[in-house]
Amino acid sequence: MELRNKIMKRDVIILVLILLLAGCQKDSPSPQKADYSYSFSKVWNDYDRNYSYFVHKNINWLDMKNTYQPMVAEEITYDFFIDEVLAPMLTDLRDIHVRLTNKYGNTITLYKPEKDVNYKYDDDFYTNYITNNISTLSGSTFIGKVINNLCYIIISSWGNMDVSMSEFLHYFDTNQEIFNAFKGLIIDVRPNGGGQESLARNVAGRFTLTENLYEFRKNRNGTDHNDFTPLQPVYFSSSGNWQYTKPIAVLTGGQCASSNESFILMMSTLSHVIIIGDTTRGSSANPKDYNLEDGTTYSISSWVAYKPDTTILEDIGIFPDIAIDASESIIDGRDMVLEKAIEILQQ
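What comes next concerns the included structure. The written sequence of each chain sets the order in which its residues are numbered from 1. Owing to the predicted nature of the model, reporting of local features is limited to residues with pLDDT of at least 70; listing and counting of side-chain atom pairs is limited to 80 or more, with chain, interface and lining totals taken over all residues. Water and hydrogen atoms play no part in the side-chain values, which are based on all heavy atoms of the structure.

1. Remarks on the overall build of the protein chain
Turning to step 1, where the next piece is worked out: Within the protein chain, the regular secondary structure consists of 10 helices and 18 strands.
Turning to step 2, where the next piece is worked out: Each residue is assigned to one of three classes by its accessible area relative to the maximum for its type, calculated with a 1.4 Å probe on protein chains only: buried under 20%, partly exposed between the two thresholds, exposed over 50%. Within the protein chain, buried positions represent 45% of all 347 residues.
Turning to step 3, where the next piece is worked out: Of the contacts made within the protein chain by residues no fewer than 6 positions apart, 73% connect residues no fewer than 24 positions apart.
Turning to step 4, where the next piece is worked out: For every accessible area listed, the method is Shrake-Rupley and the probe measures 1.4 Å; residues are considered covered only by the protein chains on display. As displayed, the protein chain has an accessible area near 17,400 Å², and 49% of this comes from carbon and sulfur atoms. Only DSSP runs of H or I with at least four residues qualify as helices, and only runs of E with at least two residues qualify as strands; both kinds are numbered from the N terminus onward. Note on contacts: a residue pair qualifies if any of its non-hydrogen atoms lie within 4.5 Å across the two residues.

Quick look at the structure:
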């Protein structure tokens, strides 16, 4: 009898524990679904009214609406709306300036075309080519000396006025004797994907004595996809305390985009400048940010940019004066683009 009571007591305890554990477990809440038809319409209409490259890229925006709008006909989750509706639709615009950020602050990957890199900045690069480190500035700028009295300047971004670029401009303006002692300059912007065009214009102004036309632009301004302002010429002119007008080689490649391409166009207008490397990416947009009430943000390209000869820049890029394909730019550790610049400036 005593053994039987112990067994029954044990079974009761086990049963109580099972019930307690079952009571503690809670079903994971299902992702909340909602009606995103209004949000979809707002995004679609914002692009329909403001996006600048529908005609150039031959995009049928109404067809894209008919493809993606049925996906929001029923209630869906927010993540589905972002990842399966908006992201694919905006990726189809094939525009690196079109960006999407969800309400959590995460940037969603959209269109990212592959472009071959035509540079390799490793220890061997600096050992083989840089004979003297003149100045390592904060962030994105480095100034060094290469063989035969040539100055090498790398500018990897136009994005930081407060630190790197302000330091560079101050150093350049206050060291005229140092720079004038060089036979020529090599300005390497191959890794530069853009930033603030005002900075690029400010730097380019250190190399010209005149005002120069470097782009034309037209802005989207109507309901029709062909509604634009008239073409507006864009100029840059002298800036800083003095200007360097000896020979300059600007190194370019497929990673060059946006405001960096504007810099390259500025420099290409100058008779003492030669562009060497690979064709640039071809991307200029002046994107504007829009948002939904939940905090989702998306950017819309607002202008069409043209080179000085009025050929379009988007998807075409800037052709160098001396072309070296990316596949032939780094050979056995040698930087053939830089070596070509050294060869040209030595002449």
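After that view, the rundown keeps rolling.
2. Examining the sheet that holds strand 13 (residues 288–291)
Turning to step 1, where the next piece is worked out: When DSSP finds two or more bridges between two strands, those strands count as paired. Strand order in the open sheet formed by 4 strands is 4-3-14-13, with antiparallel pairing between adjacent strands. For this open sheet the edge positions go to strand 4 (107–108) and strand 13, each flanked by a neighbour on one side alone.
Turning to step 2, where the next piece is worked out: As judged from the 2 bridges shared by strand 3 (residues 100–101) and strand 4, these two strands associate in the antiparallel manner. Bridging from a neighbouring strand, Thr 101 pairs with Thr 107 of strand 4.
Turning to step 3, where the next piece is worked out: Fitted lines through C-alpha atoms serve as axes, helices being fitted only where they are in contact, and the angles separating the N-to-C directions of these axes extend from 0 to 180 degrees. Sheet contacts for helix 2 (residues 37–50): strand 13 and strand 14 (297–300); angle to strand 14, the most-contacted strand, approximately 15 degrees.

3. With respect to the pattern of salt bridges
Turning to step 1, where the next piece is worked out: Salt bridges, as used here, are contacts in which a Lys or Arg side-chain nitrogen is within 4 Å of a carboxyl oxygen on Asp or Glu. Taken as a whole and judged by the stated rule, the model has 12 salt bridges.
Turning to step 2, where the next piece is worked out: The salt bridge involving Arg 217 is made with Glu 197; its shortest N-O contact spans 2.6 Å. Here Arg 217, found in strand 9 (residues 212–219), pairs with Glu 197, found in helix 8 (residues 197–204); they are 20 residues apart in sequence, far enough to count as distant. This pair shows no difference in class: Arg 217 is buried, exactly as Glu 197 is.
Turning to step 3, where the next piece is worked out: Residues joined by salt bridges that share partners form a network here, namely Glu 197, Arg 201, Glu 215 and Arg 217.

4. Some details on unusual backbone geometry
Turning to step 1, where the next piece is worked out: Non-glycine residue Asn 58 carries a positive phi angle of around 55 degrees.
Turning to step 2, where the next piece is worked out: Here Asn 58 is to be found in the loop between helix 2 and helix 3 (61–68).
Turning to step 3, where the next piece is worked out: Given a relative accessible area of 70%, Asn 58 falls into the exposed group.
Turning to step 4, where the next piece is worked out: At Asn 286, a residue that is not glycine, the phi angle is positive and equals roughly 50 degrees.
Turning to step 5, where the next piece is worked out: If you trace the backbone, Asn 286 turns up in the loop between strand 12 (273–277) and strand 13.

5. As for the side chain of Ser 299
Turning to step 1, where the next piece is worked out: Within the fold, Ser 299 resides in strand 14.
Turning to step 2, where the next piece is worked out: With relative accessibility at 3%, the residue Ser 299 sits in the buried group.
Turning to step 3, where the next piece is worked out: Any N or O atom pair separated by 3.5 Å or less is treated as a polar contact, with the protein-specific requirement of one donor-capable and one acceptor-capable atom, and with residues adjacent in sequence counted only for side-chain atom pairs. Of the polar contacts made by the side chain of Ser 299, one reaches the backbone oxygen of His 97; its length is 2.7 Å.

6. What about the pairing of strand 13?
Side chains on a regular strand alternate between the two faces of the sheet.
Turning to step 1, where the next piece is worked out: Bridge count between strand 13 and strand 14: 4 bridges; the pairing is antiparallel. Across the sheet, the residue bridging to Asn 291 is Thr 297, located in strand 14.
Turning to step 2, where the next piece is worked out: Hairpin geometry of strand 13 and strand 14 is characterised by an intervening segment of 5 residues between the two adjacent antiparallel strands and by a positive phi of about 105 degrees at Gly 295.

7. Describing the environment of Pro 233
Turning to step 1, where the next piece is worked out: If you trace the backbone, Pro 233 turns up in strand 10 (residues 232–236).
Turning to step 2, where the next piece is worked out: A relative accessible area of 38% means that Pro 233 is categorised as partly exposed.
Turning to step 3, where the next piece is worked out: Measuring from C-alpha to C-alpha, the distance between Pro 233 and Glu 215 comes to 6.0 Å, with 18 residues separating the pair along the chain.
Turning to step 4, where the next piece is worked out: Other than its neighbours up to four places away in sequence, Pro 233 contacts Leu 213, Glu 215 and Phe 216.

8. Some remarks on the sheet that holds strand 9
Turning to step 1, where the next piece is worked out: The strand order across the open sheet built from 3 strands is 10-9-15, with neighbouring strands paired in antiparallel fashion. Of all strands in the sheet, those with a lone pairing partner are strand 10 and strand 15 (303–306), marking the two edges. Strand-to-strand, the axes of this sheet are offset by a mean angle of 30 degrees, without reference to chain direction.
Turning to step 2, where the next piece is worked out: The sheet contact formed by strand 9 and strand 10 spans 5 bridges and is antiparallel. Within strand 10, the position partnered with Arg 217 by the bridge is Gln 232.
Turning to step 3, where the next piece is worked out: Along the sheet, helix 9 (residues 259–268) makes contact with strand 9 and strand 10, crossing strand 9 at roughly 140 degrees.

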